[in-house]
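Now for the letters of each chain:
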Amino acid sequence: MSVLPLVFTSGWASGINAYAVVLLLGVLGATGAADEVPASLQRTDVLIVAGVLFLCEAVADKIPYVDTVWDAVHTVVRPVSGGVVAALLAGHDGSLPQLAAGAVGGTSALVSHLVKAGTRMAVNTSPEPASNFVLSTLEDLGVAGIVVFAVFHPVAAAVVAGVLLVAGILLVAFLWSRVRRFLRRRRQRREERRQPAAARGGSAPVG
């Protein structure tokens, strides 16, 4: 139970940027700033891979429509990463508390990922690209701040993460009508592009 706030917060953060969570926790553990970080997250190879993937996400996450594709690919990656990190933080291999921690971390990661993906779909309905860059930067800074804060003040960080999660769910619900209009217009444009091709095929002379 004592590690549950950190588990929840790391799961929430993993749903936004899983690679940043692994990288930050690993660095904090390797430098001795945090004792709760398991040794497996402090390994050099893990830190290198997490760092490279974090840089890839930092770029892809700021490009309109590319970020939506990236989110779709990570619908599985982020919840799994959140669950694995949570289970490692809980320790006690195969125990019921570890399994419960993995479930909490994975679930919070899935929900926050869906909130992020839904928000990005709404943002992509805007014609200018600056909003993607600003939102992505704020997400990166928020994840970094919350994860570091959670290591030293886990309960307070969990409260903040919970408030942000609820606020995100409400925001996506509010913006969903905009997302549906955007998807409907995109389907209409696809149909319009297909119709001329079908018309050309139908007007071909019969020999």
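A few points on the structure. (Residues numbered from 1 in each chain as written. Predicted model: local features only at pLDDT ≥ 70, side-chain atom pairs only at ≥ 80, totals over all residues. Heavy atoms only, no water.)

1. Description of the overall build of the protein
Okay, so step 1: Broken down by element type, the protein carries six helices and zero strands.
Okay, so step 2: Put simply, the protein runs from its N terminus to its C terminus through helices and strands in the order α-α-α-α-α-α.
Okay, so step 3: With the C-alpha coordinates aligned to their principal axes, the bounding extent of the protein is approximately 80 × 35 × 35 Å.
Okay, so step 4: For the protein, buried positions account for 43% of its 207 residues.
Okay, so step 5: For the protein, restricting intrachain contacts to residue pairs at least 6 apart in sequence, the fraction spanning at least 24 positions comes to 73%.
Okay, so step 6: The averaged location of the 13 negative side-chain charges in the protein is 16 Å from the averaged location of its 17 positive side-chain charges. (Helix = DSSP H or I, 4+ residues; strand = E, 2+ residues; numbered from the N terminus. Buried < 20%, exposed > 50% of the residue type's maximum accessible area, 1.4 Å probe, protein only. Contact = heavy atoms within 4.5 Å. Lys, Arg positive; Asp, Glu negative; His and termini not counted. Charge placed at Lys NZ, Arg CZ, Asp CG, Glu CD.)

2. Structural notes on the pattern of salt bridges
Charged atoms that come close allow side chains of opposite charge to pair.
Okay, so step 1: This structure, assessed with the given rule, holds ten salt bridges.
Okay, so step 2: Asp-140 is paired through a salt bridge with Lys-62; the nearest N and O atoms lie 3.1 Å apart. With Asp-140 in helix H5 (residues 130–152) and Lys-62 in the loop between helix H2 (44–60) and helix H3 (66–90), the pair connects residues that are 78 residues apart, well separated along the chain. We note that Asp-140, like Lys-62, is buried.
Okay, so step 3: The partner of Glu-139 in a salt bridge is Lys-116, with the nearest N and O atoms 3.5 Å apart. Of this pair, Glu-139 sits in helix H5 while Lys-116 sits in helix H4 (residues 96–123), and the two are 23 residues apart along the sequence.
Okay, so step 4: Taking relative accessible area as the criterion, Lys-116 reaches 4% and is therefore assigned buried. (Salt bridge = Lys/Arg side-chain N within 4 Å of Asp/Glu carboxyl O.)

3. Thoughts on the packing of H2 against H3
Okay, so step 1: It is the contact of H2 with H3, at a shortest axis distance of 9 Å, that shows an interaxial angle of 140°. In terms of orientation, H2 lies oblique with respect to H3. Where H2 abuts H3, its residues Cys-56, Glu-57 and Ala-60 lie against Val-66, Asp-67, Trp-70, His-74 and Arg-78.
Okay, so step 2: Of the residues belonging to the contact of H2 with H3, the class tally is four nonpolar, one polar and three charged. (Axes fitted to C-alpha atoms, helices over the stretch in contact; angles between N-to-C directions. Parallel < 35°, antiparallel > 145°, perpendicular 65-115°, else oblique. Nonpolar A, V, L, I, M, F, W, Y, C, P; charged D, E, K, R; others polar.)

4. Some points on the packing of helix H1 (residues 4–30) against H5
What describes two packed helices is the angle between their axes and the distance between those same axes.
Okay, so step 1: Where H1 contacts H5, the axes come no closer than 8 Å and their chain directions differ by 85°. Judged by the inter-axis angle, H1 sits roughly perpendicular to H5. Seen from H1, the contacting residues are Leu-6, Thr-9, Trp-12, Ala-13, Ile-16, Asn-17, Ala-20, Val-21, Leu-24, Leu-25 and Leu-28; seen from H5, they are Glu-139, Asp-140, Val-143, Ala-144, Ile-146, Val-147, Val-148, Ala-150 and Val-151.
Okay, so step 2: Of the residues that constitute the contact of H1 with H5, the class distribution is 16 nonpolar, two polar and two charged.

5. Side note on H3
Okay, so step 1: For H3, built from 25 residues, the straight-helix expectation of 36 Å at 1.5 Å per residue is met to within 8% by its first-to-last C-alpha distance of 35 Å.
Okay, so step 2: By the largest-angle criterion, His-74 marks the main kink of H3, which is about 55°.
Okay, so step 3: Downstream of H3 by a residue or two, Gly-91 has a phi angle that is positive, lying close to 70°. (Expected span 1.5 Å × (residues − 1). Bend = angle between axes of the 7 residues up to and from the residue.)

6. Some details on the nonpolar core
A general tendency of soluble globular proteins is for nonpolar side chains to be buried together.
Okay, so step 1: Formed by 29 residues in total, the largest nonpolar core has its most connected members in Trp-12, Leu-25 and Val-143.
Okay, so step 2: Those elements that provide at least two residues to this core are H1, H3, H4, H5 and helix H6 (154–202).
Okay, so step 3: No other element matches H1, which puts ten residues into this core.
Okay, so step 4: Once residues within four sequence positions are removed from consideration, Leu-25 is found in contact with Val-37, Leu-41, Val-85, Val-147 and Val-151. (Core = buried A, V, L, I, M, F, W, Y, C linked by side-chain atoms within 4.5 Å.)

7. A short note on unusual backbone geometry
Trans peptide bonds make up most of the peptide bonds, and negative phi angles are found at most residues other than glycine.
Okay, so step 1: We note that Tyr-65 has phi near 75°; this positive angle belongs to a residue other than glycine.
Okay, so step 2: For Tyr-65, a relative accessible area of 41% corresponds to the partly exposed category.

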